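Summary of structural features
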Amino acid sequence: MKKKTKALASLRKREMLLTGMLFLAPVLIFLAVFVIYPIIESFHISFFKWNGISAGREFIGWKNWKTLFMDGNFRRAAGNNLIIMALSILIQIPLGLAMATFLEFGKKKFKVFKVVWFIPHLMSSVAIGFLFSYALATNGGIISTISKWFGGGNVDLLGSSTLALYAVIGVICWQFSPFYMVYFLAAYTNISEEIYEAARIDGATKGKYFWHIVLPLLKPSLKSAAILSMVGALKYFDLIYVMTGGGPGSSTELMATYMYTLSFSNFNMGYGSCVASGMFLIITLMSLFTMKVLNRIGGDA
Amino acid sequence: MKAKKVLSVLLAVTLTVMLAACGSGQSQEVAPKAEGGAAGSQEEQPGEKKPAGQENASDEDKVITFWNITTGDPDKAIMNYAVDQFNQNSSSGYQTEVVAVQNDNYKEKLIIAMSSGECPDMYTSWTGGPMIEYIESGFAQPLDDLFYKSDLPNRLTEGSIAQGTYNGHIYAIPVNNVSVTGIFYNKEIFDKYNLQVPETIGQLESVCDTLLGNGITPFALANQEKWTGSQYFMYLATRYGGLDAFTSAADGTGSFEDECFIKAGETIKNWVKKGYFPEGVNSLSWNDGMAKQLFYQENAAMMLTGSGMSSVFMNDSEEFFNKLGWFPFPVAEGVDTDPTLMIGTMGDQFISFNCTGEKLEAAFECVTNYSTPEGAQFMVDKGKIPPVKGIEEKVSNPLLKTVIEYANKASNVQLYYDQYLPPAVAQVHLNTMQEVFGLTMEPAEAAKQMQKANQDYLAEK
């Protein structure tokens, strides 16, 4: 008797597993074909010398990886990614939070801003890049015109190898801050009205309510926003490609644009794949590390 | 808690790989196939393997796919002319289907198509380094037999045929445009300030100084694309050191740190400082028409570019085109280099073929339509100079006549560095040059990096 129950239980367990597998299959197959296989294949190709189109590939072992470690261009590109990452987190998240807080505290009064502020995020990156290459133009652009009002000269932003990166970062923030605004607005809805009322009854001002109640409650959202922003910045591509093409020189080159140039312009698919794999490792390790650190600080992401 | 953590790690990882997946995914789906077919094929001679041709041979439908960059007129009209002639009149039974791709990422798309076994039957290229990659990877067929059987040897100029030749075989047929780089200038502005067409670099500088003094930018240049500014460097280096300095530097017997390259860089630096180029030149985009705008609005008086631009000017505004004159890049004083040397291409687009047998014959027939007397005349009417013998008699426009005169006189026409050099070295040339224009890199340092890149390439080879 006992034996039979056990068999039934295990049968049921097996059935559950099968059903689960069946439901997961579409996603798993999709991930396997379009995500996991390309990653593995990228690593595979990184051990070859290959121009990307010829039928023959030459196995060269760790040579691409050794080049990658010594490659000043890659280091510079990774450095640019880190700058974008730091500034993205420091600008986009506080700005997004500020906008969300403004809308939340203003309630229905400012509803129109919710729409207006979200528009930048709805535009395509190519359109934004095109728009801003005129807006930031040296001759007749917005910044140059403002500088001229105050008696300054023309300002060359996108054509300057020291300023171009920051100019593009400004545009990136313009594009992505609204995303975090919506993200935090959603987080706000998780804070129940009673908490606000209780705080007000206890005599908290809106400022106090924000700093001592909202912020701690939003901590998990802030953490995942930071991770999202970090990963986004490390794999960034579009606006740089559209606005500067990695230039002037290689001053705004990112890991992703570098990979693109190597693979598709320089006929060096082997090394391009190596850069892609290197990116994958860097981003994965950094995400894991950041998550660990954030979790140690407290709370649950 | 634990599961949630694992999930968020997974999420991050998935986001991470999105780009990596787009970047190299397309090419990898076919990688195993390529590998399978490649066993032992590495030593095959170029031209003997036909990875895509084999598939096409068994292809039942008689459609020739033709990739090119003719997204706008007049190039589109010219291409349509040749293809329509073929589709209507050919007895081969084949039809050509055109896929026009934006110039900006045409090369990238072609690479992806080739690596995924979808290489078009016919495609255009600019010859040079990339064409050699296509040939060596087996995506271009030698055309000698078809070529010498046809009427083309009588029609096309030797120089243009030579440019489509590699290792003694013809791999690409020139179609479109002889385009030597020279200076278009606004005759009205020159007349207004009493300026003469300069013959030496010194005279050119004094022309520029006069223009500057009158608030006009001397050169309309948009250098975000990098190759645009490179034209100044190529000419200056050629005038200071001749062509041998470059060809020997490229094949490793000379050096890119040769005096003429450094001097050319110094001249550019000096010109940038003096304001010969528009402010923020590296942020202006050629593809977005920003150089043209300066020129059309008459804020700039000269433009150094390929003579092929004449058809664009003509197409944009006939009235403006009539204001223009053209002169070759001035010569350097006190240097004994050949003053007739020019930078340019003997036929702006070259067609290569990735098909065999009957289909190749049909595709080749399609291409011959470009250079028939009627086809050539059609191009001339559109402001082009087709690479056809005796073209000077067909052209009546004085500007184009001048161009042909100098092109015919040229003892040699050097293909643009960024097309001639292997792509990896070309990239370094373009990047360092842009930094010289931005005054963020010393010409000597640019030369050093070029030399190193080329040495690395030659060592790899």
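Definitions and cut-offs
Residues numbered from 1 in each chain as written. Chains lettered and ligands numbered in written order. Predicted model: local features only at pLDDT ≥ 70, side-chain atom pairs only at ≥ 80, totals over all residues. Helix = DSSP H or I, 4+ residues; strand = E, 2+ residues; numbered from the N terminus. Buried ≥ 20, exposed ≤ 12 C-beta atoms within 10 Å, placed from the backbone. Contact = placed C-beta atoms within 7 Å. Pairing = 2+ DSSP bridges. UniProt positions renumbered as here; feature names shortened; annotations may be inferred. Domains from an automatic or database assignment. Nonpolar A, V, L, I, M, F, W, Y, C, P; charged D, E, K, R; others polar. Core = buried A, V, L, I, M, F, W, Y, C linked by C-beta atoms within 7 Å. Axes fitted to C-alpha atoms, helices over the stretch in contact; angles between N-to-C directions. Parallel < 35°, antiparallel > 145°, perpendicular 65-115°, else oblique. Left-handed = near helix turned anticlockwise from the far one by under 90°. Expected span 1.5 Å × (residues − 1).

**A closer look at the overall build of chain B**
Along its length, chain B carries 22 helices and 13 strands. A total of 461 residues make up chain B; the buried ones form 49% of that total. Pairs at least 24 apart in sequence give 79% of the contacts found in chain B among residues at least 6 apart.

**Regarding the pairing of strand 9 (residues 300-306) of chain B**
Residues and elements named next belong to chain B. Counting buried positions over the seven residues of strand 9 gives seven, a clear majority of the element. Across five bridges, the pairing between strand 7 (residues 179-186) and strand 9 is antiparallel. Paired with T181 across the two strands is G306, which belongs to strand 9. Relative to strand 9, strand 8 (residues 217-219) is paired through two bridges, and the arrangement is parallel. Directly across from F219, in strand 9, lies its bridge partner M302.

**A short note on the UniProt feature "transmembrane region" (unreviewed entry) in chain A**
Residue and element names in this part refer to chain A. Feature annotation in UniProt assigns "transmembrane region" (unreviewed entry) to the following positions: residues 21-40, 82-103, 115-143, 163-188, 209-234 and 269-289. Secondary structure over residues 115-143 splits into 72% helix and 0% strand, and the C-alpha atoms at its two ends are 26 Å apart. In residues 269-289, the share of helix is 100% and the share of strand is 0%. The end C-alpha atoms are 30 Å apart.

**A closer look at the domain arrangement of chain B**
Note: interface size is frequently given as the accessible area lost on complex formation between the parts. All names here are of chain B. Segmenting chain B into domains produces domain 1 (48-178 + 346-389) and domain 2 (179-345 + 415-460). Distance from the C-alpha centre of domain 1 to the C-alpha centre of domain 2: 30 Å. Across the contact, 18 residues belong to domain 1 and 17 residues belong to domain 2. With three residues, the top contributor of residues to the side of domain 1 that touches domain 2 is helix 6 (residues 128-136). Here the side of domain 1 that touches domain 2 is composed, by residue class, of six nonpolar, seven polar and five charged.

**A word on unusual backbone geometry**
Residues and elements named next belong to chain B. Of note, the phi angle at N194 is positive, near 60 degrees, even though the residue is not glycine. Inspection of the secondary structure puts N194 in the loop between helix 10 (187-192) and helix 11 (201-213). Look at L439: it is not a glycine, yet its phi comes out positive at around 60 degrees.

**Looking at the nonpolar core**
Ranked by internal contacts, the top residues of the largest apolar core, which has 184 residues, are A:V168, A:V275, B:A237 and B:A363. Formed jointly, this core draws a minimum of three residues from each of two domains, domain 1 (48-178 + 346-389) and domain 2 (179-345 + 415-460) of chain B. Apart from residues lying up to four places away in sequence, A:V168 is in contact with A:L239, A:I240, A:M243, A:T244 and A:T252. The next biggest cluster of nonpolar side chains, apart from the first, holds five residues, and it includes A:I45, A:F47, A:W50 and A:M269.

**Considering the packing of helix 3 (residues 72-106) of chain A against helix 7 (residues 164-189) of chain A**
Residues and elements named next belong to chain A. Where helix 3 meets helix 7, the axes come as close as 6 Å, and the angle between the chain directions of the two elements is 40 degrees. One finds that helix 3 runs oblique with respect to helix 7. For the pair helix 3 and helix 7, the crossing hand works out as right-handed.

**Here we look at helix 13 (residues 259-274) of chain B**
Residues and elements named next belong to chain B. Over its 16 residues, helix 13 extends 22 Å from the first C-alpha to the last, a length consistent with the 22 Å expected when each residue adds 1.5 Å. Taken as a whole, helix 13 has its buried residues at C260, F261, I262, A264, G265, T267 and I268. One or two positions beyond helix 13, positive phi appears at G275, with a value near 90 degrees.

**Quick notes on the packing of helix 12 (residues 227-251) of chain B against helix 13 of chain B**
When two helices pack together, their arrangement is given by the angle between the helix axes and by the axis-to-axis distance. Residues and elements named next belong to chain B. Relative to each other, helix 12 and helix 13 sit at 160 degrees, their axes nearing to 8 Å. The angle between the axes of helix 12 and helix 13 places the two elements in the roughly antiparallel class. Crossing geometry of helix 12 relative to helix 13 is assigned as right-handed. Residues Y232, F233, L236, A237, Y240, G241 and A245 of helix 12 lie in contact with helix 13, whose contacting residues are C260, F261, K263, A264, G265, T267 and I268. Per-class residue counts for the contact of helix 12 with helix 13 are 10 nonpolar, three polar and one charged.

**Quick word on the environment of A:S46**
All names here are of chain A. Considering the arrangement of structural elements, one finds S46 in the loop between helix 1 (2-45) and strand 1 (48-49). Among the residues examined, S46 registers 25 C-beta atoms within 10 Å and is labelled buried. On a C-alpha basis, the gap between S46 and A7 in space is 49 Å, while along the polypeptide they are 39 residues apart. When sequence neighbours within four positions are dropped, the list of residues in contact with S46 reads N64, W65, G270, S273, C274 and S277.

**A look at the pairing of strand 3 (residues 122-125) of chain B**
The side chains of a regular strand alternate, first on one face of the sheet and then on the other. Residues and elements named next belong to chain B. Burial of strand 3 is two-sided: the residues M122 and T124 facing one way and the residues Y123 and S125 facing the other way are all buried. Inspection of the sheet shows strand 1 (residues 63-68) paired to strand 3 by two bridges, in the parallel sense. Residue pairing across strands places W67 opposite Y123, the latter belonging to strand 3. By the bridge criterion, four bridges tie strand 3 to strand 12 (residues 350-353) in an arrangement that is antiparallel. Across the sheet, the residue bridging to Y123 is S352, located in strand 12.

**A few points about the sheet that holds strand 6 (residues 172-174) of chain B**
Residues and elements named next belong to chain B. Taken in spatial order, the five strands line up as 2-1-3-12-6 in an open sheet, and their pairing is mixed. Each having just a single partner strand, strand 2 (95-100) and strand 6 make up the two edges of the open sheet. Strand-to-strand twist of the sheet, defined as the mean angle between neighbouring strand axes without regard to direction, takes the value 25 degrees. Against the sheet, helix 6 makes contact with strand 3, strand 6 and strand 12, and its axis sits at roughly 150 degrees relative to strand 3, the strand it touches most.

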